[in-house]
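Fold and geometry: a report
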Amino acid sequence: MARAKAMTADDIEQLVEQKLLEIIGDPDSGLHMKREFKTKLEQRLKKPSKRISHEEVLKRFA
């Protein structure tokens, strides 16, 4: 496992999510997606997304 100093924010986010799933399990386990939702999700995932920092959100919406 990487040392905390060498981890990026994405690495830490992934680690936290993984540990939460280990502890509480996947709340969506056993559920099925509707075809319409799956199609919309696939289309959205094909488009590049842009992350916005917390500070930028505050500037825009506060």
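Here we summarise the structure given alongside this text. (Residues numbered from 1 in each chain as written. Predicted model: local features only at pLDDT ≥ 70, side-chain atom pairs only at ≥ 80, totals over all residues. Heavy atoms only, no water.)

The next subject is the pattern of salt bridges. Taken as a whole and judged by the stated rule, the model has four salt bridges. Between K19 and E22 there is a salt bridge whose closest N-O contact spans 3.5 Å. Of the two residues, K19 and E22 both sit in helix α1 (residues 9-24), three residues apart, roughly one turn of that helix. Its relative accessible area of 51% is what places E22 among the exposed residues. With its nearest N and O atoms 3.1 Å apart, the salt bridge here joins R60 to E56. (Salt bridge = Lys/Arg side-chain N within 4 Å of Asp/Glu carboxyl O. Helix = DSSP H or I, 4+ residues; strand = E, 2+ residues; numbered from the N terminus. Buried < 20%, exposed > 50% of the residue type's maximum accessible area, 1.4 Å probe, protein only.)

Fair warning: the whole summary comes from geometry, so function is off the table for now.
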